[in-house]
Amino acid sequence: MIKFLDLYQQDKKLHKKIINKINKLFKKGDFILGKEVKIFEKNFGKFCNTKYAISCANGTDALTLALKSLNLPYNSEVIMPAMTYCSTAFSIIEANLKPVLVDTEELGSTINIEDLKKKITKKTKVIIPVHLYGSVANLKAIKKIIKNKKIFLIDDCAQAHGAYDDTDNYKKKIGSTTDISCFSLYPGKNLGAYGDAGIITTNNLNFYNKLRKLRNLGSEKKFIHDEVGLNSRLDTIQAIILNEKLKNLSSHNKKRQKIAKFYNQNINNKKISKLNYSKYSVYHQYVILVNNRNSLIKLLENNKIQYGFHYPYAIHQLNVFKKRFKNKRYKNAEILARNSISLPIDPNLSKKELNYIVKTLNEF
Ligand SMILES: Cc1ncc(COP(=O)(O)O)c(C=O)c1O
């Protein structure tokens, strides 16, 4: 069986060190927002070249907290892509705001710039591009569109830890180029904990101070609650794991880029379309498009190759949103939902395994 992602193999060498550190934590007992959490926030901020990093309980909360920190009027419009994980939309609704959907780029995974221009209204207060599959959205174009407008830019970086934005002529780390950046640290992400976790980065001191309170029930000092916040704190155990795993993130991202390059160069089948990725994508997923997806799935299953869908439903196609976005169509997002398959992307896939995957695909 060729695994889609093998976290056990990936982290095997770290397990002993992690266990030793957790053993010490048992004595110390600072299980929530402990010393290792502060160290992780410092390390992750440094990794992103960002002044401030605020950890929280998961990526969905990271987005909700970021939106809440802006203090926007009820039902202000927040623009987001129609193809993303449900959390991007849920966070907007949790923050009492209104999601406005935009299609994705043709043969791409990020927000469509032309459609975005059409969706901006006087009520637009935030744009949330999602760096889906690790491919960086066209931030330069978005920044140009919102220049001189009072619109905040919050990027959903849940799938893009370590990616660079190259749309501005120079390489800038994702997490450092917008008002607020939100990361999920769910186990399967490029940087993942062994449970739920998330982190927010910003260069703005006001947002930083606000977010530190919001994630801790509105409080920075025990018993002093200045506002209604969330209970969205990072466990120290997860921070221990993340501090160890962060050391390997760049090398794992490089391996993912190598795998993507191999797929790009060697998948050669007219029935399979490849997607356009940004130059410094970190390939959280490597996604292909096929018209007859069910036949390809059968072939992959017969050849014992694991695969994934990201995602089989666009936002407007989710049961919960069918009514809200009735009669709305987002062509490219729907194509991704219907025709996409994510190929194995474990950083440690061997050349032999990759050759086998490519051979199978080319024989389709
Ligand atoms: C694009 C995107 N946004 C948000 C999230 C939410 O993150 P979490 O699962 O940590 O809440 C995820 C991951 O699940 C995601 O892929």
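(A) Local environment of the nonpolar core. Core analysis: the biggest nonpolar cluster contains 92 residues, and Ala 62, Ala 66, Cys 182, Ile 199 and Ile 200 have the highest contact counts within it. Broken down by element, the residue count for this core peaks at eight residues, all from helix H9 (residues 236-266). Mapped onto the domain boundaries, this core takes at least three residues apiece from domain 1 (7-243) and domain 2 (249-362).

(B) Broad picture of the sheet that holds strand S1 (residues 52-56). Spatially, the seven strands line up as an open sheet ordered S1-S9-S8-S5-S4-S2-S3, and their pairing is mixed. Looking at the sheet topology across the chains shown, the edges are occupied by S1 and strand S3 (98-102). Ignoring which end each strand starts from, the neighbouring axes of this sheet average 25 degrees apart. One ladder, built from four bridges, connects strand S8 (residues 180-184) with strand S9 (residues 198-202); its direction is antiparallel. The residue of S9 that forms the bridge with Cys 182 is Ile 200.

(C) Focus on the site of the ligand. Lining the immediate surroundings of the ligand are 15 residues, of which Gly 59, Thr 60, Ser 87, Ala 158 and Ser 184 lie closest. If you list the elements that add at least two residues to the shell around the ligand, you get helix H4 (59-68) and helix H5 (86-94). Its residues assigned to classes, the shell around the ligand comprises four nonpolar, nine polar and two charged.

(D) A look at the sheet that holds strand S13 (residues 286-290). Overall, antiparallel pairing links the three strands, which are arranged S12-S13-S14 in an open sheet. The open sheet is flanked by strand S12 (272-274) and strand S14 (340-343), the only strands paired with a single partner. Each strand of the sheet is rotated relative to its neighbour by a mean of 40 degrees, with strand direction disregarded. Note: S12 against S13, three bridges, orientation antiparallel. The residue of S13 that forms the bridge with Lys 274 is Ile 288.

(E) Examining helix H3 (residues 35-47) more closely. The end-to-end C-alpha separation of H3 is 18 Å, in line with the 18 Å expected for 13 residues at 1.5 Å each. Three or more residues of H3 are buried, namely Glu 36, Val 37, Phe 40, Glu 41, Phe 44 and Gly 45. On its buried side, H3 packs onto S1, S9 and H9. Asn 49 lies just past H3 and shows a positive phi near 55 degrees.

(F) Just the packing of helix H2 (residues 15-28) against H9, in detail. Contact geometry of H2 with H9 gives a least axis separation of 10 Å together with a crossing angle of 150 degrees. Compared by their axis directions, H2 and H9 come out roughly antiparallel. Our pair here, H2 against H9, has a crossing hand that is right-handed. Taken together, the residues of H9 that come into contact with H2 (itself represented by Lys 17, Ile 18, Lys 21, Ile 22 and Leu 25) are Thr 236, Ile 237, Ile 240, Ile 241 and Glu 244.

(G) Local environment of the pairing of S8. Counting buried residues in S8 gives five out of five residues, a clear majority hidden from the surface. Bridge count for strand S5 (residues 152-156) against S8 is three bridges, and the pairing is parallel. Within S8, the residue paired with Asp 156 across the bridge is Cys 182.

(H) Broad picture of the domain arrangement of the protein chain. Taken domain by domain, the protein chain holds domain 1 (7-243) and domain 2 (249-362). Placing the centre of domain 1 and that of domain 2 at their C-alpha centroids yields a distance of 24 Å. Taken together, the contact pairs 32 residues of domain 1 with 34 residues of domain 2. Of all the elements in the fold, those that place two or more residues in the side of domain 1 that touches domain 2 are helix H1 (7-11) and H5. Looking at the side of domain 1 that touches domain 2 residue by residue, the class counts come to 13 nonpolar, 13 polar and six charged.

Rules behind the numbers
- Residues numbered from 1 in each chain as written.
- Predicted model: local features only at pLDDT ≥ 70, side-chain atom pairs only at ≥ 80, totals over all residues.
- Core = buried A, V, L, I, M, F, W, Y, C linked by C-beta atoms within 7 Å.
- Buried ≥ 20, exposed ≤ 12 C-beta atoms within 10 Å, placed from the backbone.
- Helix = DSSP H or I, 4+ residues; strand = E, 2+ residues; numbered from the N terminus.
- Domains from an automatic or database assignment.
- Pairing = 2+ DSSP bridges.
- Axes fitted to C-alpha atoms, helices over the stretch in contact; angles between N-to-C directions.
- Near = placed C-beta within 6 Å.
- Nonpolar A, V, L, I, M, F, W, Y, C, P; charged D, E, K, R; others polar.
- Expected span 1.5 Å × (residues − 1).
- Contact = placed C-beta atoms within 7 Å.
- Parallel < 35°, antiparallel > 145°, perpendicular 65-115°, else oblique.
- Left-handed = near helix turned anticlockwise from the far one by under 90°.

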